[in-house]
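Observations on the model geometry
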Amino acid sequence: MRTRIAALTGATALVVLLAGCAGASGEATSSDGPGGGGAGLGLISDGTLTVCANLESPPNVYAEADGTPVGVEVDLAKDMAKQMDLGIKFTELSFAGLIPALQAKQCDVIISSLYIKPEREQVASFVPYLLSGSGIAVEKDNPAGITGYDDSLCGTKAIGINGATGAGLLDEQSQKCTSEGKQPLTITLTDKAADALQQVIAGQQDLYLDTAEGASFFSKQSNGQLIGVGDPVGEIQIGAASLKQNSALHEALAAAFAALQDDGTYKGILDEWGFDALDIANAKS
């Protein structure tokens, strides 16, 4: 079976990689009308699961040229909503704006490459559904000689995404470099992966650090302009985040995901996107 990633070649790949994802922050994109479920779940719109997402994280969550949300997490979100007998609507935000929007009840759940971290669990309950990690992409000639998430980053110009785990990793490595008497990283943050990648390709930045699957995707789709270096850093779980006080919705999301695992839908989605290695069942105990 051809994977969805492998099908994204030629003009489509360049649109995704260099033109960025369609839509503007705060713009809502609807998919599938209201369903008949949702009673007692405290949804902001009856019969519809409203999802906050940042459509800048292919192959997990991104937008086609017409603004339609696509990606492995989009497919999971749609099938979880279907299990709950709900329609679904995606509301696009910057990555840094996802948790504030959930807290402001602008959506019911975040399904958008959100790593499960202790500070986030203070405000949200998570249903884990994927494994992930962080990875590095560089320009094909790799003029800075970067070998991975290590001391080769000292003194380099690095770019990451506002509010993402990769931004914190860059800061941590920079502090490690200075503690060892080496040059710190010069770190730039942006809300758009396409902007970051353009800067790497143009030689304005030495490296891009974000999710390992995203770095791998961009490398494969760049017509050889980008390459991944080093091993993924820090295995971590991605999950669907809902407000802690809404236990009914959390339980419904957990039950929906369990049903997708039981009936083979989850495995089918992972197979279609070539995400077998990110199966949550592979998590280390």
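Scroll up to find the structure this text is about.
Residues numbered from 1 in each chain as written. Predicted model: local features only at pLDDT ≥ 70, side-chain atom pairs only at ≥ 80, totals over all residues. Heavy atoms only, no water.

**Looking at the overall build of the protein**
- Secondary structure summary: the protein contains 10 helices and 12 strands in total.
- Across the 285 residues that make up the protein, the buried fraction comes to 53%.
- Across the protein, contacts joining residues at least 24 apart in sequence account for 77% of those joining residues at least 6 apart. (Helix = DSSP H or I, 4+ residues; strand = E, 2+ residues; numbered from the N terminus. Buried < 20%, exposed > 50% of the residue type's maximum accessible area, 1.4 Å probe, protein only. Contact = heavy atoms within 4.5 Å.)

**Comments concerning the side chain of S174**
- Structurally, S174 is set in helix α6 (residues 165-179).
- Take S174: its relative accessible area is 10%, and that puts it in the buried class.
- Leave out the neighbours within four places in its chain, and S174 touches P184, L185 and I187.

**Concerning the packing of helix α3 (residues 72-83) against helix α10 (residues 265-273)**
- For the pair α3 and α10, the least separation of the axes is 10 Å and the interaxial angle reads 160 degrees. Put simply, α3 runs roughly antiparallel to α10. The handedness of the crossing between α3 and α10 is right-handed. On α10, the residues touching V72, D75, L76 and D79 of α3 are T265, Y266, I269, L270, E272 and W273.
- Counted by class, the contact of α3 with α10 contains six nonpolar, one polar and three charged residues. (Axes fitted to C-alpha atoms, helices over the stretch in contact; angles between N-to-C directions. Parallel < 35°, antiparallel > 145°, perpendicular 65-115°, else oblique. Left-handed = near helix turned anticlockwise from the far one by under 90°. Nonpolar A, V, L, I, M, F, W, Y, C, P; charged D, E, K, R; others polar.)

**A short note on the packing of aromatic side chains**
- If you walk through the whole model with that rule in mind, you get four aromatic pairs.
- Aromatic side chains F217 and F218 sit 5.7 Å apart centroid to centroid with 70 degrees between the ring planes, which places their arrangement in the edge-to-face category.
- Residue F217 is classed as buried on the basis of its relative accessible area of 4%.
- The class for F218 is buried, based on a relative accessible area of 3%.
- Measuring from ring centre to ring centre gives 5.0 Å for F257 and Y266, while their planes differ by 85 degrees; the resulting arrangement is edge-to-face.
- When its relative accessible area of 4% is taken as the criterion, F257 is described as buried.
- Owing to a relative accessible area of 4%, Y266 belongs among the buried residues under this scheme. (Phe/Tyr/Trp six-rings, centres within 6.5 Å; stacked < 30°, edge-to-face > 60°.)

**Description of helix α7 (residues 193-201)**
- Along α7, the positions that sit buried rather than exposed are A193, A194, A196, L197 and V200. Mapping the buried residues of α7 onto a view down its axis gives an arc of 160 degrees, with all of them on the same face.
- Positioned one or two residues after α7, G203 has a phi angle of 85 degrees, which is positive. (Arc of directions from axis to C-beta.)

**Section: the pairing of strand β2 (residues 48-53)**
- Across the six residues of β2, six count as buried, placing the element largely inside the fold.
- Taking every second residue as pointing to the same face, both faces of β2 are buried, with T48, T50 and C52 on one and L49, V51 and A53 on the other.
- Summarising the sheet, β2 and strand β6 (residues 87-92) pair through six bridges and their orientation is parallel. Across the sheet, the residue bridging to A53 is E92, located in β6.
- Two elements, β2 and strand β7 (residues 109-110), share two bridges in a ladder whose sense is parallel. Residue pairing for β7: V51 is matched across the bridge by V109. (Pairing = 2+ DSSP bridges.)

**Remarks on the state of the cysteines**
- Scanning the entire structure with this criterion turns up two disulfides.
- Sulfur-sulfur distance for the disulfide between C52 and C107 comes to 2.1 Å. Note on the C52 and C107 pair: the S-S dihedral is about -110 degrees, so by sign convention the disulfide is left-handed. Of the two residues, C52 is situated in strand β2 and C107 in the loop between α4 (98-103) and β7; the sequence distance between them amounts to 55 residues. The two residues C52 and C107 agree in class, both being buried.
- Linked covalently through their sulfurs, C154 and C177 form a disulfide whose S-S length is 2.0 Å. Sign of the S-S torsion, about -85 degrees for the bond between C154 and C177, identifies this disulfide as left-handed. With C154 in the loop between β8 (124-139) and β9 (157-161) and C177 in helix α6, this residue pair connects regions lying 23 residues apart in the sequence. (Disulfide = S-S within 2.5 Å.)

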